[in-house]
Amino acid sequence: MSRPTLTRAQQRKRSMSRLTWARRGSQFFFAAFVLWAAVRHQLENESGTAASVDALCPFGAVETFITWITTGTFITKIHGSNLILGLALLIATLLVGNAFCGWICPFGALQDALTWVRNKLGLKARHLPPAWDAGLRWGRYVVLGVILYFSVTTATLWFADYDPYVTLFGLHWLFEWSDALWVGLGITAVVLAASVVIDRFWCRYLCPLGAVFAVLGHLSLLRIKRVEATCTDCTLCDRPCPVGITVSKANPWSTPTASGAWTAWPPARSRAR
Ligand code: SF4
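What comes next is a walk through the structure. (Residues numbered from 1 in each chain as written. Predicted model: local features only at pLDDT ≥ 70, side-chain atom pairs only at ≥ 80, totals over all residues.)

**Details of the overall build of the protein chain**
How we decide: Helix and strand definitions follow DSSP, with helices as H or I runs of at least four residues and strands as E runs of at least two, each counted in order from the N terminus. Comment: burial labels come from other C-beta atoms within 10 Å of the residue's own C-beta, placed from the backbone, where a count of 20 or more is buried, 12 or fewer is exposed, and between is partly exposed. Residues are defined as contacting one another if the C-beta atoms placed from their backbone atoms lie within 7 Å.
Helix and strand counts for the protein chain stand at 13 helices and 2 strands. A buried classification covers 27% of the 273 residues belonging to the protein chain. Here the analysis covers contacts within the protein chain between residues at least 6 apart in sequence; of these, 66% occur between residues at least 24 apart.

Structure below.
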């Protein structure tokens, strides 16, 4: 019996589903890798050969950048590895856009997992009114500004004690408990609880690295762009976005061709259904 021929929309839906599973596999891999590195670091603490979660975080490059430029030194707990990771991520983001948040970041993966659990329980996501949502998204820049200020003035990894990612994936709460962890654990608990109700709460409203990506994303060579002339408003493109970006409502963007003329990208032909 021959298979029924799928429509273009069905084919696109199927390929999106495959992409989603590939993305989940990648997220799981990197989350498992970071947890493995954290366990190794905690167990080999004495020898000091295993990298910590701090050393594996590209945001460390952002935190130490001003101090490094002005004094030639790093803030505490920051290594050359942070700068290498940060530079690699910068180049990758400028070339192909922000794949880190969707494919690599363990804290993004954890929030996606909470969304998955909520959906399995049949609970509905909450959405803030658009004006609130738009206003609160500036919170990422405020958090970034505060972190940069205190990182420079204290020359320490000031944010580490409050960072939900470091708190959770660093595994200090499991291997070397101290009362100082209560603050980080409290913030983490609030963030995760909010992420159950609102998809990727931390990414949307508070993540300082997300603020950096939001700026860099505007400079990326490879970006998804909507071509108004061929868009059928099916809104399929909105559904995979975990942070609620309404791609279907985006204004058409243009990009220069080799000849210098401005044209819609990608070409309309590639978006025709
Ligand atoms: S916004 Fe921040 S927490 Fe969310 S996926 Fe990106 S880097 Fe990770």
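More follows now that the structure is in view.
**Details of the site of the ligand**
To keep it simple, the criterion reads: Here, nearness means that the C-beta atom of a residue, built from backbone geometry, sits within 6 Å of the molecule or strand in question. Basically, the charged four are Asp, Glu, Lys and Arg, the nonpolar ten are Ala, Val, Leu, Ile, Met, Phe, Trp, Tyr, Cys and Pro, and anything else, Gly included, counts as polar.
Around the ligand, a shell composed of C101, C105, F107, G108, W202, C203, C207, L209 and G210 is seen. Of the residues that constitute the shell around the ligand, the class distribution is 7 nonpolar, 2 polar and no charged.

**Looking at the nonpolar core**
What counts, and what does not: Here a nonpolar core is just a set of buried residues of the types Ala, Val, Leu, Ile, Met, Phe, Trp, Tyr and Cys, joined wherever their C-beta atoms sit within 7 Å.
If you look at the biggest cluster of nonpolar residues, it comprises 39 residues, and the most contacted ones within it are V53, L157, F169, W202 and V212. Where this core is concerned, the elements lending two or more residues are α1 (8-43), α2 (59-71), α4 (100-104), α5 (106-120), α7 (139-154), α8 (164-169), α11 (201-205) and α12 (208-217). Those residues in contact with V212 that lie beyond four places of it in its chain are V62 and L144.

**Structural notes on the packing of α5 against helix α10 (residues 181-197)**
Inclusion rule: Every axis in this analysis is a line fitted to C-alpha atoms, fitted for helices over the stretch in contact. Angles between the N-to-C directions lie between 0 and 180 degrees. Throughout, the term roughly parallel applies to angles under 35 degrees, roughly antiparallel to angles over 145, roughly perpendicular to angles from 65 to 115, and oblique to all others. Note on convention: near helix rotated counterclockwise from far helix by under a right angle means a left-handed crossing. Clockwise means right-handed.
Axis separation between α5 and α10 bottoms out at 8 Å; the angle between their running directions is 45°. By the angle between their directions, the pair α5 and α10 is classed as oblique. For the pair α5 and α10, the sense of crossing is right-handed. Every residue of α10 that contacts α5 at Q111, L114 and R118 is listed here: L192, S195 and V196. Split by residue class, the contact of α5 with α10 holds 3 nonpolar, 2 polar and 1 charged.

**Observations regarding α10**
Selection criterion: The span expected for a helix works out to 1.5 Å for each residue beyond the first.
With 17 residues, α10 should reach 24 Å at 1.5 Å per residue; the first-to-last C-alpha distance of 25 Å fits that figure. Close packing links the buried residues of α10 with α5, α8 and α11.

**Observations concerning α2**
Formally: The angle separating two fitted axes, one through the seven residues that finish at a residue and one through the seven that start at it, defines the bend at that residue.
Between its terminal C-alpha atoms α2 stretches 19 Å, which fits the 18 Å expected from 13 residues at 1.5 Å a residue. The sharpest bend along α2 comes to roughly 45°, located at F65. Residues F59, G60, A61, V62, E63, T64 and T67 constitute the buried set of α2. Buried positions along α2 lie against α3 (80-96), α7 and α12.

**Let's talk about unusual backbone geometry**
The phi torsion at L171 lies on the positive side, around 65°, for a residue other than glycine. Classification of L171 as partly exposed rests on a count of 18 C-beta atoms within 10 Å. One non-glycine residue with positive phi stands out, namely R200, at about 50°. With respect to the element layout, R200 can be found in the loop between α10 and α11. By the C-beta count within 10 Å, which is 23 here, R200 ends up buried.

**Overview of the packing of α2 against α7**
Across the interface, α2 lies against α7 with an axial gap of 9 Å and an inter-helix angle of 45°. Considering their axes alone, α2 and α7 lie oblique with respect to each other. Taken as a pair, α2 and α7 cross one another with a handedness that is right-handed. Across the interface between the two elements, E63, I66 and T67 of α2 pack against I147, L148, S151 and V152 of α7. Looking at the contact of α2 with α7, its residues break down into 4 nonpolar, 2 polar and 1 charged.

**Points about the environment of R200**
Separated by 91 residues in sequence, R200 and A109 place their C-alpha atoms 9.2 Å apart. Setting aside residues no more than four positions away along its own chain, R200 makes contact with G108, Q111, S195, P242 and V243.

**Brief notes about the environment of A160**
Locating A160 in the fold gives a position in the loop between α7 and α8. Taking the C-alpha atoms as reference points, A160 and G60, 100 residues apart in sequence, are found 9.7 Å from one another. Apart from residues lying up to four places away in sequence, A160 is in contact with D54, K77 and V166.

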